[in-house]
Amino acid sequence: MSTTIRHYYAGGNTAKGFYSLYDCALEGLERVYILKGGPGTGKSSLMNKIGQIMESKGIDLEYLHCSSDNNSIDGIILPSYKIGIVDGTAPHVIEPKAPGVIEEYINLGVAWNSAKLREYKQEILLLNEKISATFNKAYDTFASALRAHDEIEEIYISNMNFTEANKLTDELIDKIFKNGYQNKQPTIKHRFLGAATPNGAVDFIQNLTADVPKRYFIKGRAGSGKSTMLKKIVSDGESRGFDVEVYHCGFDPNSLDMVIIRELGIAIFDSTAPHEYFPDRESDEIVDMYERCIAPNTDEKYQDEIKRTTKAYKDKMKEAISYLAEAKELRDQLEAYYIDAMDFSKVEEIQQLIIQEIEDLVK
C-alpha cells in the first residue's frame, strides 16, 4: 500500500485576522509535541526532517503549512498513530488539554545564546513591532477586500433563484448520500485547503482530492450559493454519521470552499478563482450554480458594476498580499538574529530524541 501524504493549512491570514483551526486539527491525537522557541530556531526544519523520516518508513503523513512563509510548515501529523508535532508559538498558540500526558512542550530556546541576543535587543523589539503592524495592515486590507467582495455578491444574490438553488442542493445530496447512513459518531475536521501567502494565493485541492474517485466542481459567481450548498452537505453528512473534512475559505473563514467525504469517495469544491480547476478525469462533474440558479444575462446587465467592484476587490487583495510579503521580509531579518545566536547541534540532539520516541511509538 502506498504512503498517503496530504497538505493543508490549519491557520490563515484572513479578512477576520489570523484565524486558527489548530485545535480541531490536533483533536483526537494521543501524543502532541508542542515546539517553543523564537523565529529561526529550527522548528520547521525539525518537523520537515521528522516528516521525511516517517515518509521513508511508509507512514501516512499530514503537513500543516505556514500561511506566512511559503517555505515553512507549522506542523506534521501521523494520523494512523495519533501523533502530532506543531509549532506552538504565536499566532498559533496551542493550549494543552493534558500536559505531560498528551502534550509535551519542547523548548528550542535552550539552544540559543541569550547574551548574544540581548546585544540586539532594540533591533529585535523594533522588528517585532514592525511585523505586528504590517500583519495588521494586511488584515485591515483583506477586510476592505471582503467588503468589495460583498458588493459583488449582492448583485448576484439579488438575481438568485433560491428555490432552484435549494432544489439543486437537494439533488446533489441525494446523489452523494443515496439515503445512506453510518451507525457511528462522525468525526468532523475543520481545515483550510489554501491560504493567502506572501507569494499570493496557494491551494492544495489537487493533493487533497488525488485519491478521491468522484469530484464535483462547483462553478458560479460570488453570492451564487456555493458555500451555502457546501454547509448543507456538511450538515447532512454529519447527521447521517459520515466523517467529513470541512475546508474553510482562506479569505473569509465563515465561508466553505470544499467538503470531502472519504467514506463515500466524494469531494465537492468551489472551483472558481483563485482556485479554479477544470475536470480532467472521466468521473469529474461540473455543478454550475450560475447557469442553474442566477437570472439569465446577469453578467451582461450589471457588467459595469461588476467590473468596478471586481477591480476594487482585486486591488485590495493585491495590496494585502504585498503586506504579507513585507512582513515575511521583516521576519527574515528577525530570524537572522536568532539563527546567529543558535547552537543547532543542540537542536539536532532534541530532534534525535523526538525521532527515537516516535519510532518507539510507531513500531
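Residues numbered from 1 in each chain as written. Predicted model: local features only at pLDDT ≥ 70, side-chain atom pairs only at ≥ 80, totals over all residues. Heavy atoms only, no water.

Looking up the protein in an unreviewed UniProt entry gives the name Energy-coupling factor transporter ATP-binding protein EcfA2, with the organism given as Metabacillus malikii.

Some words on the state of the cysteines
Per the counting criterion, the structure on display carries zero disulfides. Of all cysteine sulfurs, the one in Cys24 lies closest to Cys249, which takes part in no disulfide; the gap is 17 Å. No disulfide involves Cys293; its sulfur sits 20 Å from the nearest other cysteine sulfur, which is in Cys249. Since its relative accessible area comes to 1%, Cys293 is described here as buried. (Disulfide = S-S within 2.5 Å. Buried < 20%, exposed > 50% of the residue type's maximum accessible area, 1.4 Å probe, protein only.)

Topic: the pattern of salt bridges
With the rule as written, the count across this model stands at 26 salt bridges. A salt bridge links Arg6 to Asp211, with the shortest nitrogen-to-oxygen separation between them at 2.9 Å. Linking Arg6 in strand E1 (residues 5-9) with Asp211 in the loop between helix H6 (205-208) and strand E12 (214-219), this pair joins segments that are 205 residues apart in sequence. With relative accessibility at 15%, the residue Arg6 sits in the buried group. Two residues, Arg262 and Glu245, come together in a salt bridge whose shortest N-O distance is 2.6 Å. You can see Arg262 sitting in the loop between strand E14 (256-261) and strand E15 (266-270) and its partner Glu245 sitting in strand E13 (residues 244-248), a full 17 residues away along the chain. Given a relative accessible area of 26%, Arg262 falls into the partly exposed group. Overall, the relative accessible area of 12% leaves Glu245 in the buried class. Residues joined in a network through salt bridges with shared partners are Arg6, Glu62, Arg191, Asp211, Glu245 and Arg262. (Salt bridge = Lys/Arg side-chain N within 4 Å of Asp/Glu carboxyl O. Helix = DSSP H or I, 4+ residues; strand = E, 2+ residues; numbered from the N terminus.)

A word on unusual backbone geometry
Of note, the bond from Ala90 into Pro91 is cis; its omega dihedral lies within 30 degrees of zero at 10 degrees. Positionally, Pro91 belongs in the loop between strand E7 (83-87) and strand E8 (103-107). In this chain, Ala273 is followed by Pro274 through a cis amide linkage whose omega measures 10 degrees. As for its position among the elements, Pro274 is in the loop between E15 and strand E16 (285-288). Backbone geometry at Lys178 places phi at a positive 50 degrees, although glycine is not the residue there. Among the structural elements, Lys178 can be located in the loop between helix H5 (162-177) and strand E9 (188-192). A residue is classified by how much of its surface remains accessible, and Lys178, at 64% relative accessible area, is exposed.

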